[in-house]
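Spelled out, the chains give:
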Amino acid sequence: MDSLRERTHLPFGSGKQMLIGLHLGNGYGSQPGAWRMPGVDPESYTSFDVRVKQAQAAERGKFQFIFLPDGPGAVITDIESESPAFNLDVMMTLAAVARETQYIGLVATGSTTFNEPFNLARQFKALDVMSHGRAGWNAITSSGDDVAANYGRKIPSSEDRYGRAHEVVQLIQALWGSWGKDAWVHNQQTGQFAKKEQILPISLQGKYVGSRGPLYIPPSEQGQPIIFHAGGSPNAHELAGRFANAVIDAAFTIEDARAQRNAFREAAKRYGRNPDEIKYIPGLMTTIAKDRRAALDRRIQLTGHSFRQRAGYLQQMLGIPIDAARLDEPISKELLQDARPSRYDPRAPHALKIAKEGWSLRDILAHGVIDYHPVIVGPGIEAADHMQAWFEAGAADGFWISPDVNSDGIDAFVDEVVPILQERGLFHKEYEGKTLRQHLGAPDQYGIDPRVSNK
Ligand SMILES: Cc1cc2nc3c(=O)[nH]c(=O)nc-3n(C[C@H](O)[C@H](O)[C@H](O)COP(=O)(O)O)c2cc1C
C-alpha cells in the first residue's frame, strides 16, 4: 500500500508513470466502417465541433496529448466506401481544439519532405503561442508516392529525405529562437515594443534548405514546440535521437518495443543527450466492451464486411490454406499444426496463438490480428494489463491509443481503462503542469540545442 501511494505521487518527468496520447486521424475512429456505426455523425469528417468534443473527452481522461497524423494529403483506400485516413487540415483543426481545451498537448505531423521550413516554423510556433505552450510537431519524412504526387514530385531517396529532415529541424528551431526569449518589452509608457538587438536574422543556408529570418513570433509558455518523430528505421533512430523528445511507433511485441526504445535511447546518448529526454510511445488499438464476446461482436459489426478479403491475408501470414467462405468455423487443428507463421510479419505468432484457442475464423479476424498495432478486444482491464506489462518491461514510456470508433471509444477508454491505471499508480490523476513540455518532462529548450547542432 505504501509503495502504491508513493508511486502515485511521483513528480512529473520522473519517468515512473506512463504517458497516454490519442490518435484522432480522420475523426471517425481507427476501424474501417467507423463512419457507419450507430451513433456516429456521418458528416463528422468535416466537423470541427466533433473534433473538439473528442479532444475534450481525452482531456477529461488526463491524456498528455492528441496526435493528428498527416501526409500531407489523404491516403485513400476506397473512397467509394471509406473515409480518407487523415483530417481536413491538421493545423486548422488543432487551432480550433486549442480554443476549447486547456491542458492537453496538440501534436500534428508536418512533413520535412514537402514543406518549406519557414512555413512550418511559423505555423507550429503560432499554434504554440495560441495554445499557451501545448504544441508538438511530429517531424517525419514522407514516404508515400501518393503524397509526392500531390506536389508533382517523386519520393526522394532515403539519404535526401533524411538529409533534408536534419536541416529542416535545425533551421526551424533556429527560427523559433530568432525572437529572443526576453526581447518583447511592449512597454506602453516608454514606447519600446521590442529589443531590436534580440530579434535577429538566422541567415542559414544548408544543402537542402535555407532561411534568413527572423521569425516574428515571441516564445510561448513552453518556449517553443516539442519535437516528435514517428518511424523505426535506423535513419529514424538517428533523427529522433538527435532532436526528438517523443517517438510514436508501431511495435507488436514487448521484445520489439524494448529493442526500438533502446535504439532511440542509444541514439540520444550518441548526441550527448540524456536518454530519458526521449519518450518511446508505441500504439495500441482498442475495442473496449463489457467482455470479450461483446467486444468481438462490435468488431464484427464494424469490419466484418472486409473479413473475406482479410482471410486471404491471414492465409499468407500463417502459411496454410484458409477457406474464406467458412467464417463460422475454427481452423482445424491439423491445419494449424502445419502453420508456419511468416517471419516477415511480426503479428503472425499472435495470430497463430489466437487461432489455436479455437475461435471461429470470423472471431480470429475480429481479434484484430492483422491490424497495424496490438489490439485489445475486451474489457478495460485487458488494456490496462497490456499497458502495465509493456511499461514495466521497459518497452514503452507510454502509448498512443487508437479507439475503434471515436464517438464512444474515447469515453470507454477514459471510463474503463484510465481509472485502473490510476488505481495502480501507473498514470497521473491530474495534470501537473499546463504545457506539453511539462506533461512530457522534457527539458527547457529555446532555439537550437547546442549539444546536437554541430554533430
Ligand atoms: C507510428 C507511425 C506514425 C507515422 N505517422 C506518419 C504520418 O503522420 N505521416 C507520414 O507521412 N508518415 C508517417 N509515418 C511514416 C514515417 O514517418 C516514415 O515515412 C516511414 O516510417 C518510412 O521511414 P523510413 O524511410 O525511415 O523507412 C509514420 C510511421 C509510424 C511508424
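The rules behind each value
Residues numbered from 1 in each chain as written. Predicted model: local features only at pLDDT ≥ 70, side-chain atom pairs only at ≥ 80, totals over all residues. Domains from an automatic or database assignment. Contact = placed C-beta atoms within 7 Å. Nonpolar A, V, L, I, M, F, W, Y, C, P; charged D, E, K, R; others polar. Core = buried A, V, L, I, M, F, W, Y, C linked by C-beta atoms within 7 Å. Buried ≥ 20, exposed ≤ 12 C-beta atoms within 10 Å, placed from the backbone. Helix = DSSP H or I, 4+ residues; strand = E, 2+ residues; numbered from the N terminus. Near = placed C-beta within 6 Å. pLDDT = per-residue confidence, 0-100. Expected span 1.5 Å × (residues − 1). Arc of directions from axis to C-beta. Pairing = 2+ DSSP bridges.

## Some remarks on the domain arrangement of the protein
For the protein, the assigned domains read domain 1 (2-288 + 379-453) and domain 2 (292-366). Every contact between the two is made by eleven residues of domain 1 and, on the other side, ten residues of domain 2. Of the residues belonging to the side of domain 1 that touches domain 2, the class tally is five nonpolar, four polar and two charged.

## Concerning the nonpolar core
Core analysis: the largest hydrophobic core is formed by 110 residues, its most contacted members being Ile66, Leu106, Phe228 and Val247. The leading source of residues in this core is helix α6 (residues 158-177), at nine residues. Both of domain 1 (2-288 + 379-453) and domain 2 (292-366) provide at least three residues apiece to this core. Among residues more than four places away in sequence, those in contact with Phe228 are Val107, Gly136, Trp137, Asn138, Ala139, Ala244, Ala246, Val247 and Ile248.

## Comments concerning the site of the ligand
Neighbouring the ligand are 20 residues, the closest being Pro69, Thr109, Ile140, Ala230 and Ser233. Taken together, the elements giving at least two residues each to the shell around the ligand come down to β3 (105-111), α7 (234-243) and β10 (246-249). Its residues assigned to classes, the shell around the ligand shows six nonpolar, twelve polar and two charged.

## With respect to the confidence of the model for the protein
Here the protein averages 94 in pLDDT, and 96% of its residues register 70 or above. For the stretch residues 1-15, pLDDT sits under 50, and the model shows 14 contacts to residues farther than four places along the chain or on other chains.

## As for helix α14 (residues 380-392)
Over its 13 residues, α14 extends 18 Å from the first C-alpha to the last, a length consistent with the 18 Å expected when each residue adds 1.5 Å. Buried within α14 are the following residues: Gly380, Ala383, Ala384, Met387, Trp390 and Phe391. Projection of α14 onto a plane perpendicular to its axis shows the buried side chains occupying an angular sector of 135°, all on one side. Residues Ala389 and Glu392 are exposed on α14 and point more than 90 degrees away from its buried face. Among the structural elements, α8 (254-270), β11 (279-288), β12 (375-378), β13 (398-403), α15 (406-416) and α16 (418-423) are those in contact with the buried residues of α14.

## Considerations on the pairing of β13
Here β13 lies mainly inside the structure; six of its six residues are buried. Burial along β13 is two-sided: Gly398, Trp400 and Ser402 and Phe399, Ile401 and Pro403, pointing in opposite directions, are all buried. Relative to β13, strand β1 (residues 19-23) runs parallel, the two being bridged by four bridges. Pairing of Ile20 across the sheet is with Phe399, part of β13. Judged from the four bridges that link them, β11 and β13 form a sheet pairing that is parallel. Of the residues in β13, the one forming a bridge with Met285 is Ser402.

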